[in-house]
Amino acid sequence: MATPNGLARIDTNGAQKTKKHENGVCHDDSSAPVRAQNIDELHSMQRKRSAPTTPIKVDGAASPFAAALSEEDRRKQQLQSISASLASLTRETGPKVVRGDPARKGEVAVKVAPVAAAPPPQPHHHHHHHVAPTISVSDSSLKFTHVLYNLSPAELYEQAIKYEKGSFITDTGALATLSGAKTGRSPRDKRIVKDEAAAQELWWGKGSPNIEMDEHTFLTNRERAVDYLNSLDKVFVNDQFLNWDPENRIKVRIISARAYHSLFMHNMCIRPTEEELESFGTPDFTIYNAGKFPCNRYTHYMTSSTSVDINLGRREMVILGTQYAGEMKKGLFGVMHYLMPKRRILSLHSGCNMGRDGDVALFFGLSGTGKTTLSTDHNRLLIGDDEHCWSDNGVSNIEGGCYAKCIDLSREKEPDIWNAIKFGTVLENVVFDEHTREVDYTDKSVTENTRAAYPIEYIPNAKIPCVGPHPKNVILLACDAFGVLPPVSKLNLAQTMYHFISGYTALVAGTEDGIKEPQATFSACFGAAFIMLHPTKYAAMLAEKMQMYGATGWLVNTGWSGGRYGVGNRIKLAYTRKIIDAIHSGELLTANYQKTEVFGLEIPTAIDGVPSEILDPTNTWTDKAAYKETLLKLAGLFGKNFEVFASYKIGEDSTLTEEILAAGPKV
């Protein structure tokens with residue numbers, strides 16, 4: 001029907017539309033109003049509830065009838081396990097836990113009743129006479145502890161930005177955060193329970209990183225950490241794995257108070273699939289990170305308000321008084337240094353990469369030796385940058401991520417690390433522009449130990465899964481600021497053990513006081529701070545595996561040539577890369593060699609792309625007398641460092657062999 005002015009009447013009463021109206025210009029494309037009655041409901045509709053993508057299995061087979069019930073049962077079992085982990089040792093029950101964020105009051109949550117706490121184990125050392133508390137209930141039993149379980153990076157970003165002061169998104173999408181007063185590890189505050197087993201198995205005494213505590217003190221600190229975590233409205237729980245070798249992986253649970261810590265461990269540990277979470281069960285090791293809360297300094301063995309405690313018998317770690325996330329990473333590495341050798345698996349503080357033909361190389365080296373730079377090779381696949389296991393199956397990365405130093409980071413020098421700092425990455429203690437959020441990696445205002453933690457798949461040439469065949473080459477890196485070690489030496493097994501145990505590099509002293517004399521640094525097994533057993537144990541396992549699988553040992557000097565620091569020049573990175581390439585290709589296996597004096601090292605006479613005159617240090621020093629004097633000085637430092645190992649005994653027949661001692665320098 002037409003209106004008086006000749007225009008078609010507009011249908012305002014919902015009359016049927018013709019096909020012409022539906023497809024024409026005047027088509028009404030409005031949609032039905034949202035079903036939400038308020039803004040909170042609208043926000044709840046924005047988030048789609050996720051569910052496992054793998055079928056629920058009953059007796060090994062998928063059941064079409066179990067899906068809804070099994071989801072609830074699985075969550076209840078999961079929460080019962082977490083409640084048991086958080087159970088007090090001095091009260092009858094664990095906390096009442098509920099899944100979900102307490103801020104989302106409209107969210108349906110799964111609740112689980114308190115779990116009875118197991119009676120505390122009796123300490124092995126009985127010099128403390130304490131009466132066990134008989135408290136059966138406390139005010140904490142009147143509240144729920146909300147569990148935020150295995151949250152995604154996006155969810156953890158939201159938690160950090162909402163509730164943790166100092167959390168910001170940078171211009172590349174990384175989460176910048178602060179670790180509080182501690183911006184590095186606290187090795188003097190790290191202790192291990194010296195029970196009967198640990199007293200016999202672990203390395204104690206001079207040179208050892210292991211500081212003892214008794215079990216009663218550990219349980220006191222554990223109770224303090226658990227009470228603190230239970231007092232919170234919410235805790236973050238990560239259930240994850242260590243070791244990419246499926247036959248030898250370890251299940252770890254991390255209970256923490258900060259989203260930052262949860263995201264850090266999400267990146268650093270191996271992330272389970274939904275199917276793996278369904279059957280995760282009881283963890284093999286649990287971390288209680290109550291780092292926002294100090295320890296009681298009047299507690300026995302405590303020397304500060306920080307305490308990082310490991311109980312190998314209970315398979316637990318407690319953190320109090322430090323929020324530095326690296327304590328968790330390195331604490332678990334120490335645990336792996338204990339657990340893996342029990343399975344005849346060698347744990348290693350090393351980088352690892354693999355050629356396209358499957359040839360694997362291990363890289364050992366302390367800070368400043370070029371381990372990260374040389375193990376990162378675009379022509380090879382990265383298995384891992386820091387922690388590995390060598391088993392009868394081959395090599396495997398312990399971790400699921402990388403923890404890279406960021407000080408003076410640049411796109412030109414470290415493009416892979418630079419590009420990995422994006423959404424999902426944790427940036428620790430960096431300084432950024434308040435407006436643009438652009439990070440200034442040269443700014444040391446907070447600390448020099450700025451770090452980035454990101455999943456290993458953020459590296460383009462990472463090998464996923466992070467496993468490989470048995471290594472062909474074991475490369476020990478040293479930045480020799482004395483300038484007397486050759487650029488490369490081929491080692492026999494005894495020499496490999498000697499230099500592996502020594503863990504040598506030389507640092508250039510700070511210039512503030514005008515001192516420029518190189519300082520020798522030794523770190524047993526290139527990671528003394530993290531090993532549990534005596535270094536000779538790891539060295540013997542390394543030699544056994546190298547012999548069994550035909551690996552060759554190499555000592556590569558990335559330091560100075562033609563004189564010590566201040567006199568000579570640092571060996572060009574391009575030459576070192578040519579040397580590493582020659583090791584990978586097998587070129588150096590067929591080279592001609594000559595032996596050096598004092599250290600008795602086999603050095604090649606020629607390498608393609610490397611000037612032959614620099615291969616022998618005697619050729620590069622103009623002052624031959626100064627060379628000999630410096631060479632003997634370094635040899636003496638090696639000998640002095642090795643004294644503690646030469647006199648060490650494990651049992652009756654495990655002293656260091658004369659063969660290993662003979663592999664050292666002759667002064």
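Source: prediction; values computed, not measured. (Residues numbered from 1 in each chain as written. Predicted model: local features only at pLDDT ≥ 70, side-chain atom pairs only at ≥ 80, totals over all residues. Heavy atoms only, no water.)

## Some points on the environment of Ala 663
1) Next: The topology assignment puts Ala 663 in the segment after helix H17 (658–662).
2) Next: Residue classification places Ala 663 among the buried positions, given a relative accessible area of 9%.
3) Next: Along the primary structure Ala 663 and Phe 599 are separated by 64 residues, whereas in three dimensions their C-alpha atoms are 8.1 Å apart.
4) Next: Apart from the residues within four sequence positions on either side, Ala 663 is in contact with Ala 494, Gln 495, Tyr 498 and Phe 599. (Helix = DSSP H or I, 4+ residues; strand = E, 2+ residues; numbered from the N terminus. Buried < 20%, exposed > 50% of the residue type's maximum accessible area, 1.4 Å probe, protein only. Contact = heavy atoms within 4.5 Å.)

## So, the packing of helix H12 (residues 493–502) against helix H16 (residues 624–646)
1) Next: Interhelical geometry of H12 versus H16 gives an angle of 90° and a closest axis separation of 10 Å. Classed by the angle they form, the pair H12 and H16 counts as roughly perpendicular. Where H12 approaches H16, its residues Tyr 498, His 499, Ile 501 and Ser 502 are matched on the opposing element by Phe 638, Gly 639, Asn 641, Phe 642 and Phe 645.
2) Next: Tallied by class, residues from the contact of H12 with H16 come to five nonpolar, four polar and no charged. (Axes fitted to C-alpha atoms, helices over the stretch in contact; angles between N-to-C directions. Parallel < 35°, antiparallel > 145°, perpendicular 65-115°, else oblique. Nonpolar A, V, L, I, M, F, W, Y, C, P; charged D, E, K, R; others polar.)

## Section: the layout of surface pockets
1) Next: Reported here for the largest pocket is a volume of approximately 1,800 Å³.
2) Next: Secondary structure elements with two or more residues in the lining of the largest pocket: helix H9 (326–342), helix H10 (371–375), strand S21 (401–405), strand S29 (504–508) and helix H14 (573–585).
3) Next: Among the elements that make up the lining of the largest pocket, the one with the highest residue count is H10 (four residues). (1 Å grid on protein atoms, 1.4 Å probe; cavity = no way out; pocket = protein on both sides within 12 Å on 5 of 7 lines; lining within 4 Å. Points joined across faces, edges and corners; volume = space filled by probe spheres on them.)

## Some thoughts on the side chain of Ser 396
1) Next: Mapped onto the elements of the fold, Ser 396 is located in strand S20 (residues 394–397).
2) Next: At 2.6 Å, the side chain of Ser 396 forms a polar contact with the side chain of Asn 243. (Polar contact = N/O pair within 3.5 Å; in protein donor to acceptor, adjacent residues only side chain to side chain.)

## Focus: a negative patch on the surface
1) Next: A surface patch of like charges, here negative, comprises Asp 171, Asp 433, Glu 434, Glu 438 and Asp 440.
2) Next: Assignment of secondary structure puts Asp 433 in the loop between strand S23 (431–432) and strand S24 (439–440).
3) Next: The exposure class assigned to Asp 433 is partly exposed, which follows from its relative accessible area of 37%. (Patch = residues over 30% accessible without salt bridge, like charges linked within 9 Å, V, L, I, M, F, W, Y side chains within 5 Å. Areas by Shrake-Rupley, 256 points an atom, 1.4 Å probe, with all protein chains shown as cover. Salt bridge = Lys/Arg side-chain N within 4 Å of Asp/Glu carboxyl O. Lys, Arg positive; Asp, Glu negative; His and termini not counted. Charge placed at Lys NZ, Arg CZ, Asp CG, Glu CD.)

## Quick look at the side chain of His 499
1) Next: Relative to the helices and strands, His 499 is located in helix H12.
2) Next: On the basis of relative accessibility, which here comes to 3%, the residue His 499 falls in the buried class.
3) Next: For His 499, the contacting residues outside a window of four places in its chain are Leu 476, Leu 491, Phe 526, Leu 555, Phe 599, Leu 601 and Phe 638.

## A word on the environment of Trp 204
1) Next: Looking at the element boundaries, Trp 204 is found in the loop between helix H5 (196–201) and strand S9 (212–213).
2) Next: Leave out the neighbours within four places in its chain, and Trp 204 touches Ile 192, Lys 194, Ala 198, Ala 199, Asn 210, Ile 211 and Glu 212.
3) Next: Here the side chain of Trp 204 touches Ala 198 through a polar contact of 3.0 Å, landing on its backbone oxygen.

## Quick notes on the sheet that holds strand S15 (residues 346–349)
1) Next: With respect to topology, four strands assemble into an open sheet ordered S15-S19-S20-S26, the strand pairing being antiparallel. Where the open sheet ends on each side, the last strands, each with one partner, are S15 and strand S26 (467–468).
2) Next: The pairing of S20 with S26 spans two bridges and is classified as antiparallel. By the bridge assignment for S26, Val 395 is matched with Gly 468. (Pairing = 2+ DSSP bridges.)

## Some thoughts on the nonpolar core
1) Next: Judged by nonpolar contacts, the single largest core of 129 residues is most densely connected at Trp 390, Leu 427, Tyr 454, Phe 500 and Phe 599.
2) Next: In terms of residues, this core owes the most to one element, H9, which gives eight residues.
3) Next: The next biggest cluster of nonpolar side chains, apart from the first, holds 27 residues, and it includes Ile 82, Val 147, Leu 219 and Val 235. (Core = buried A, V, L, I, M, F, W, Y, C linked by side-chain atoms within 4.5 Å.)

## Let's talk about the pairing of strand S17 (residues 360–364)
1) Next: Within S17, five of the five residues are buried, which leaves the element mostly enclosed by the surrounding structure.
2) Next: Both faces of S17 are covered, namely the face carrying Val 360, Leu 362 and Phe 364 and the face carrying Ala 361 and Phe 363.
3) Next: Note that strand S16 (residues 351–354) and S17 share four bridges and pair antiparallel. Note that in S17 the partner of Asn 353 across the bridge is Ala 361.
4) Next: Remark: five residues form the turn of the hairpin made by S16 and S17, two consecutive strands paired antiparallel; Gly 358 in that turn has positive phi of roughly 90°.
5) Next: As paired strands, S17 and strand S27 (residues 471–478) are joined by five bridges and run parallel to one another. Within the sheet, the bridge partner assigned to Phe 364 lies in S27 and is Leu 476.

## Some words on the packing of aromatic side chains
1) Next: One pass over the full model with this rule turns up 21 aromatic pairs.
2) Next: With 5.5 Å between their ring centres and 40° between their planes, Tyr 504 and Phe 522 make a pair best called tilted. Remark: Phe 522 occurs in strand S30 (residues 518–522) and Tyr 504 occurs in strand S29; sequence separation between them is 18 residues.
3) Next: Given the relative accessible area of 21%, Phe 522 is considered partly exposed.
4) Next: For the ring pair Phe 642 and Phe 645, a centre distance of 5.5 Å and an interplane angle of 70° mean the geometry is edge-to-face. Of this pair, Phe 642 and Phe 645 are both found in helix H16, three residues apart, which corresponds to roughly one turn of the helix. (Phe/Tyr/Trp six-rings, centres within 6.5 Å; stacked < 30°, edge-to-face > 60°.)

## Focus: the confidence of the model for the chain
1) Next: For the chain, the mean per-residue pLDDT works out to 86, and 81% of the residues sit at or above 70.
2) Next: Note that pLDDT drops below 50 for residues 51–69; the model gives that stretch 21 contacts with residues more than four away or on any other chain.
3) Next: Below a pLDDT of 50 lies the segment residues 122–135, which in the model reaches 17 contacts outside its immediate sequence neighbourhood of four places, other chains included. (pLDDT = per-residue confidence, 0-100.)

## Description of H14
1) Next: Spanning 13 residues, H14 covers 18 Å between terminal C-alpha atoms, matching the ideal 18 Å at 1.5 Å per step.
2) Next: One or two residues past the end of H14 sits Gly 586, with phi positive at roughly 90°. (Expected span 1.5 Å × (residues − 1).)

## Describing the pairing of S27
1) Next: The element S27 is extensively covered by neighbouring structure, given that seven of its eight residues are classed as buried.
2) Next: Sheet analysis places S27 next to strand S31 (residues 552–557), joined by six bridges and oriented parallel. Among the inter-strand pairings, Leu 476 is bridged to a residue of S31, identified as Leu 555.

## Digging into the packing of helix H7 (residues 259–268) against H9
1) Next: At a minimum axis distance of 10 Å, the contact between H7 and H9 shows a crossing angle of 40°. Considered as vectors, H7 and H9 are oriented oblique to each other. Between H7 and H9 lies a crossing whose hand is right-handed. Here His 261, Phe 264, Met 265 and Met 268 of H7 lie close against H9, whose contacting residues are Gly 326, Met 328, Lys 329 and Leu 332.
2) Next: Looking at the contact of H7 with H9, its residues break down into five nonpolar, two polar and one charged. (Left-handed = near helix turned anticlockwise from the far one by under 90°.)

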